[in-house]
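Examination of the molecular architecture
One letter stands for each residue in the lines below.
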Amino acid sequence: MTELAKQYEPKDAQQRWNTWWGEQGYFDADPDPAKPSHTIMIPLPNVTGALHMGHALNGTLQDLITRFRRMQGYEALWMPGTDHAGIATQAVVERRMLEEEGLTRRDIGREALVDRIWKWKDSYEKRILNQLKTLGASCDWRRTRFTLDDVCSKAVRRTFFKMFNDGLVFRGKRLVNWDTHLQTAVADDEVFEEDVDGHFWTFNYPVVDENLKPTGEKISFSTTRPETMLGDSAVCVHPSDERYQQIIGKKVLLPLSNRAIPIIADALLAKMEMGTGAVKVTPAHDPNDYAAGLRNNLEMINVMNPDGTMTADCGEFAGLDRYEARKKVVAAMEKLGHFESVEARVIPLKHSDRSKTPVEPYLSDQWFIKMDTLAQAAIDAVQDGRVKFFPQRYTRTYLDWLGEKRDWCISRQLWWGHRIPVWSQRFDKGDVALDSTWSEHEAVAIKKSIDDLTGETVVLVCVADGHEELEQRVEASGFVRDPDVLDTWFSSALWPHATLGWPDEAHNPPLNGKPDPHDTTGKNEVLDYFYPGNVLVTSRDIITLWVARMVLTGLYNMGDVPFQHVCIHPKVLDGFGQTMSKSKGNGVDPMDLIDKYGTDAVRFTISSFAGETQDVRLPVGYECPHCGTVIPQEKEHQKMVPGGGEKPRITCSNSKCKKKVQFTSPWFEPDAGEPVARIVSERFEYGRNFCNKLWNATRFAMLNLEGYSPAPLEDAQLQLEDRWMLSRLTNVVEEVTESLERYQFDVATRSIREFAWNEFCDWYLEMIKPRLRDENLRAVAQRMLVGCLDAMLRLLAPFTPFIAEELWQRLAEIAPQRGFSEIQTAEASAMIAAWPKMDSRWKDAGVEARFARLQETIIAVRNVRAIYKIAPSSQIKLLIRSNAEIAGQYNDVASQFENLSKAVLSAAGADVERPPASASFTMGEADGFIPLEGLIDVEAELTRQRKEAEKLQGFIKNHEAKLSNEGFTSKAPAHVLDAHRETLAGWRSQLESIGEIIRQLSGG
């Protein structure tokens, strides 16, 4: 056997075992009637860059569950893939094209832009998938899907056609969130509010009579967006507001367009207690006004172009950017005498999450899905328990959003994505002549409507997937295809069944782009076997955007929910408690952490984050590439944007270095060839230290396994520490299993760490060292050692797969056959090993209680050594006063006192007396005594301790006087007073401890 190296080298293990696992096909999942299935669908990352810490957390937990279930005997599929991310990906490619070439999409055209984006996708998808593999993801990579590939595209077309045919899809003019930068609609869930400095202007409109002549009355109102006054349809007051009773029903004249609009009463819009009590109503540019417009049948006047400039109908303001128009509208109203006042205000303004620019409420023609029946079906699935959330509190987010049953805007004004498969044409009044052969095809659905304004007949033709010849015939008849693409969330909503080959029920989906060689039955066995899935692991951010929509489309297409459980994990925040994002400049690349600490350490640490209660802060620093000093990250580092052609640098905080170094940042690529200060975080020392502890303990064990021979353990052979270890191991296996089944990853991680680090390494290994050196006792100790290592590596394989595999293979060289009760040949890999199962007969609460008393006693002895500074080489005597039963138990383990604390148990029983000048301690039903005579100079120690007590008493007296001084306490800041009180409490505690030492040394 090759001896284990003194240190674990994670990079070597990661590359070696990832490659080998793939070659062995251990990640592959195929239908197997002899096994239960387990399916996890990856929350597909966007092809817009690289993985972030959210992906690292999410991916670790999914892989952990997949490996856990695989070891439990499930045919476990973790489905990988990526999302085309319509808005985000097109925005990135367009921005880069403009910066590098000065070109816009209009300059190159739709086909050329889409071709460029495909090339981007191929490059970044490969990068993302490789990063997932570096994280240890055991996905079935043969099944990797992309939301725009042929398999997923077929599902998208079929679903849209089905919904169109069922009357669930319609086109209408609605108010949407409009991104003027990207010139597309964005969903309510894809906008965020940000406070900005703005103004609150107050104007007035003159009241006019039937001949549009001023009556002398005026009505005042306030607005933060004066430019929208050009599209006002009414002025609204509360029906109970006595100030305006006499003018309700009259009209005002818009000074800037000489247009008369009504004064209406609407209790839902106007608030008497706010401002003037009157509000302007612009239905085409405000959601509340839009609702009021629908209630009051008001005209919808759009005054903006898609790019945020004013329309041609805006007179002198036509063509101006909306913000420039705002200034000129204010100036014009002031010039006409209708300006009253302005005040500066902080305004909560909605921004597009994609472009990070302010969105405009904008009236436009969009495609929608009717959500009433679909949403109700998804609500029922949660309320009747078919889908359960972990933690349960997130059920409310899901139900509240679906309960609104707002129609879903599924169209986006982009070129990258699934183009809407609808062709339209307008016909004059009268009969519409369509190709009669179309109706012979079930692949064509036709909808007709009459335009209320023109009286024209509008015909919409939807063509199902796979009928290109029909599409050509439709276009030849004068029909024009809709230019919009579908919302990205439409295709990702189908992910759980589209990836498995739906709607193809006759063939399994392809593997690596080629037909599945197992596809011989004439049906889609993959879909039948792996749908519905078991659990979805995701963030709370996309419960509404994705989780809810997958449930409703799964029910609609498949008649069943897509998954039974939804595990919502916490978010990883930066060190200052902010959400990580590229726009904030505070993102952390998990690959940097893996490079520094190793995949196992990162995974183990991340797993410890994943509790049910709160988000996790991740403070980081930059490791100087010259001296290794960690430079703490400051908020200003996050916003260091390159300027003036020189990339920003940070200065090393080491006074002996003080070099300026470049660092990784989302804002720029570091210069090649120059050292980079990589991101580090002390939090990941948690995982690295654990891996090192495990490695060293296993190395020690393997060095002591010479002559190992497997044999079942017999009760009579077992020592107390063996029975304790078996009992603890049995309990830990149960705890970890139950925690993982409840998705309590932090609890499972703590259980494993506490057992492996404290109980196995710090106690059990130390206790069996003498037996490993004794020929008569070695065999059982070795069998126990091998069995414990085997079980621990099985437990750790889902958490730290690479070090577990490395140690598993090394252990197999020495002990290919092992087991506690039954000897078996170990599996070829830790990854496919069976999840550990312990015989319940090993559980022994009595043994654990006895061992806890032993541990408590040894810790107390060690504390006495520390308090009195007794050298580790000095042997001490230990006396125990207890009843006969407990005394007998102490005598049974007397050798362990010598082994673990160099103490000799000289007496134990009810008649033991406390020796003079001895240290004492209490352990429930037993008292311990350690004679100090001969170990220390008792008188000298008493003198030293008394002097220390006098010094502390002086400190305490002065501090008490200071805190009793009203002159001090009334002026000192709260944090200063708290610090003084905390110091005083510490001194009092020290004095109490010294008093106990003096008492013991005095024989008290």
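Let me begin by describing the structure that accompanies this report. Worth saying up front: this structure is predicted, and the values here are computed from it rather than measured.

A few words now on the overall build of the chain. Scanning the chain from N- to C-terminus turns up 29 helices and 37 strands. With the C-alpha coordinates of the chain rotated into their principal frame, the extents come out at 115 × 90 × 60 Å. By the burial criterion, 53% of the 1004 residues in the chain qualify as buried. Long-range contacts, defined as pairs at least 24 residues apart, comprise 76% of the intrachain contacts of the chain with a sequence gap of at least 6. For the chain, the exposed area adds up to about 44500 Å²; of that, 48% sits on carbon and sulfur atoms. Side-chain charges in the chain split into 120 positive and 145 negative, and the spacing between the mean points of these groups amounts to 4 Å.

Looking now at the pairing of strand β1 (residues 37-41). Of all five residues in β1, five are buried, a share of seventy percent or more. Residues Ser37, Thr39 and Met41 of β1 are buried on one face, and the alternating residues His38 and Ile40, pointing to the opposite face, are buried as well. Bridge count for β1 against strand β2 (residues 75-79) is five bridges, and the pairing is parallel. When the bridges of β2 are listed, isoleucine 40 appears paired with tryptophan 78. Between the parallel elements β1 and β2, the chain passes through helix α2 (residues 53-71) in a crossover that is right-handed.

Moving on, we get to the side chain of serine 138. Among the secondary structure elements, serine 138 is positioned in the loop between α5 (110-134) and β4 (145-146). Polar contacts involving the side chain of serine 138 include one to the side chain of aspartate 63, which spans 2.6 Å. If sequence neighbours within four positions are ignored, serine 138 has contacts with Phe27, Asp63, Thr66, Arg67, Arg70, Trp78 and Met831.

One way to put it is that helix α21 (residues 745-772) packs onto helix α22 (residues 778-796) with a least axis distance of 11 Å and a crossing angle of 165 degrees. With respect to α22, the element α21 is oriented roughly antiparallel. The way α21 lies across α22 gives a crossing that is left-handed. Contacts between α21 and α22 involve Ile752, Phe755, Ala756, Phe760, Tyr764, Leu765, Ile768, Arg771 and Leu772 from the first element and Arg778, Val780, Ala781, Gln782, Met784, Leu785, Cys788, Leu789, Met792, Leu795 and Leu796 from the second. Of the residues assigned to the contact of α21 with α22, the class counts are 17 nonpolar, one polar and two charged.

All right, on to the packing of aromatic side chains then. Scanning the entire structure with this criterion turns up 33 aromatic pairs. Aromatic side chains tryptophan 118 and tryptophan 416 sit 5.3 Å apart centroid to centroid with 85 degrees between the ring planes, which places their arrangement in the edge-to-face category. In this pair, tryptophan 118 sits in helix α5 while tryptophan 416 sits in the loop between β17 (411-412) and β18 (422-427), placing the two residues 298 residues apart along the sequence. Judged by relative accessible area, which is 31%, tryptophan 118 ranks as partly exposed. Residues phenylalanine 390 and tyrosine 743 carry aromatic rings whose centres are separated by 5.1 Å and whose planes lie at 70 degrees to one another, so their mutual orientation is edge-to-face. One end of the pair, phenylalanine 390, is in strand β15 (residues 388-390); the other, tyrosine 743, is in the loop between α20 (720-741) and α21, with 353 residues separating them in the sequence.

Moving on, we get to the sheet that holds strand β36 (residues 918-923). Read from one edge to the other, the open sheet built from four strands follows the order β35-β34-β37-β36, with strand pairing classed as mixed. Of all the strands in the sheet, the pair left with one neighbour each is β35 (903-909) and β36. Pairs of neighbouring strands in the sheet enclose a mean axial angle of 20 degrees, with direction left out of account. For strand β34 (residues 876-881) and β35, the ladder comprises six bridges, and the chain directions are parallel. Residue pairing for β35: lysine 877 is matched across the bridge by valine 904. Sitting on the sheet, helix α25 (residues 884-892) is in contact with β34, β35, β36 and β37 (926-931), with an inclination near 160 degrees to β35. Across the sheet, helix α26 (residues 894-901) lies against β34 and β35, angled at about 145 degrees from β35, the strand it touches most.

The next thing to look at is unusual backbone geometry. Put simply, tryptophan 502 and proline 503 share a cis peptide bond, and its omega is 15 degrees. Mapped onto the elements of the fold, proline 503 is located in the loop between α13 (495-498) and α14 (525-530). A cis amide bond links tyrosine 531 to the next residue, proline 532, at an omega of 0 degrees. The residue glutamine 183 is not glycine, and still its phi comes out positive at about 55 degrees. Of note, glutamine 183 is situated in the loop between β5 (169-179) and β6 (184-186).

Moving on: the environment of tryptophan 546. Looking at the element boundaries, tryptophan 546 is found in helix α15 (residues 543-558). Sequence separation between tryptophan 546 and proline 43 is 503 residues, and the spatial gap between their C-alpha atoms is 9.0 Å. Aside from chain neighbours lying at most four places away, what touches tryptophan 546 is Ile42, Pro43, Leu44, Trp489, Ser492, Ala493, Trp495, Leu536 and Thr538.

The strand order across the open sheet built from four strands is β6-β5-β14-β16, with neighbouring strands paired in antiparallel fashion. Each edge of the sheet is formed by a strand with only one pairing partner; in this case those strands are β6 and β16 (408-409). Bridge count between β5 and strand β14 (residues 359-369): 11 bridges; the pairing is antiparallel. Among the inter-strand pairings, valine 169 is bridged to a residue of β14, identified as isoleucine 369. Of the strands in this sheet, β5 and β14 touch helix α7 (residues 287-296), which is tilted by about 145 degrees from β5.

In terms of nonpolar packing, the biggest core is built from 243 residues, with Phe160, Phe389, Tyr398, Leu402, Phe490 and Phe760 touching the most fellow members. Sequence-distant contacts of phenylalanine 389, defined by excluding residues within four places in its chain, comprise Val382, Tyr394, Thr395, Tyr398, Ile543, Val547, Val566 and Ile568. Residues Leu254, Met310, Cys314 and Tyr362 belong to the second largest nonpolar core, which totals 35 residues.

Attention shifts here to the packing of α20 against α21. The interhelical angle for the contact between α20 and α21, taken along N-to-C directions, is 165 degrees, at an axis separation of 10 Å. The angle between α20 and α21 falls in the class roughly antiparallel. For the crossing formed where α20 meets α21, the hand is left-handed. By residue class, the composition of the contact of α20 with α21 is 16 nonpolar, two polar and six charged.

With respect to the helices and strands, lysine 370 occurs in the loop between β14 and α9 (372-383). Between the C-alpha atoms of lysine 370 and arginine 393, which are 23 residues apart in sequence, the distance is 27 Å. With residues up to four places along the chain from it excluded, the contact list for lysine 370 reads Gly167, Leu168, Phe170 and Asp407. Engagement of the side chain of lysine 370 in a polar contact is seen with the backbone oxygen of glycine 167, the distance being 3.4 Å.

Attention now goes to the pattern of salt bridges. For the structure on display, the rule yields 66 salt bridges. The shortest N-O distance in the salt bridge between aspartate 232 and lysine 280 comes to 2.8 Å. Here aspartate 232, found in the loop between β8 (214-223) and β9 (234-237), pairs with lysine 280, found in strand β12 (residues 278-281); they are 48 residues apart in sequence, far enough to count as distant. Of the two residues examined, aspartate 232 and lysine 280, each falls in the buried class. With its nearest N and O atoms 2.6 Å apart, the salt bridge here joins glutamate 360 to arginine 322. Of this pair, glutamate 360 sits in strand β14 while arginine 322 sits in helix α8 (residues 322-335); the two residues are 38 residues apart in sequence, bridging distant segments of the chain. Like glutamate 360, the residue arginine 322 is buried in the burial classification. Through salt bridges with shared partners, a single ionic network connects Lys11, Asp595, Lys596, Glu623 and Arg678.

The next subject is the pairing of strand β11 (residues 259-265). As defined by bridge partners, β9 adjoins β11 across three bridges and the pair is classed as parallel. The partner of cysteine 236 across the bridge, within β11, is isoleucine 264. Pairing of strand β10 (residues 251-254) with β11, which is carried by four bridges, proceeds in the antiparallel orientation. The residue of β11 that forms the bridge with leucine 254 is arginine 259. Counting the residues that bridge the hairpin from β10 to β11 gives four residues, and of these asparagine 258 lies at a positive phi of roughly 55 degrees.

Calculation rules
- Residues numbered from 1 in each chain as written.
- Predicted model: local features only at pLDDT ≥ 70, side-chain atom pairs only at ≥ 80, totals over all residues.
- Heavy atoms only, no water.
- Helix = DSSP H or I, 4+ residues; strand = E, 2+ residues; numbered from the N terminus.
- Buried < 20%, exposed > 50% of the residue type's maximum accessible area, 1.4 Å probe, protein only.
- Contact = heavy atoms within 4.5 Å.
- Areas by Shrake-Rupley, 256 points an atom, 1.4 Å probe, with all protein chains shown as cover.
- Lys, Arg positive; Asp, Glu negative; His and termini not counted.
- Charge placed at Lys NZ, Arg CZ, Asp CG, Glu CD.
- Pairing = 2+ DSSP bridges.
- Right-handed = clockwise from strand over helix to strand, strands pointing away.
- Polar contact = N/O pair within 3.5 Å; in protein donor to acceptor, adjacent residues only side chain to side chain.
- Axes fitted to C-alpha atoms, helices over the stretch in contact; angles between N-to-C directions.
- Parallel < 35°, antiparallel > 145°, perpendicular 65-115°, else oblique.
- Left-handed = near helix turned anticlockwise from the far one by under 90°.
- Nonpolar A, V, L, I, M, F, W, Y, C, P; charged D, E, K, R; others polar.
- Phe/Tyr/Trp six-rings, centres within 6.5 Å; stacked < 30°, edge-to-face > 60°.
- Core = buried A, V, L, I, M, F, W, Y, C linked by side-chain atoms within 4.5 Å.
- Salt bridge = Lys/Arg side-chain N within 4 Å of Asp/Glu carboxyl O.

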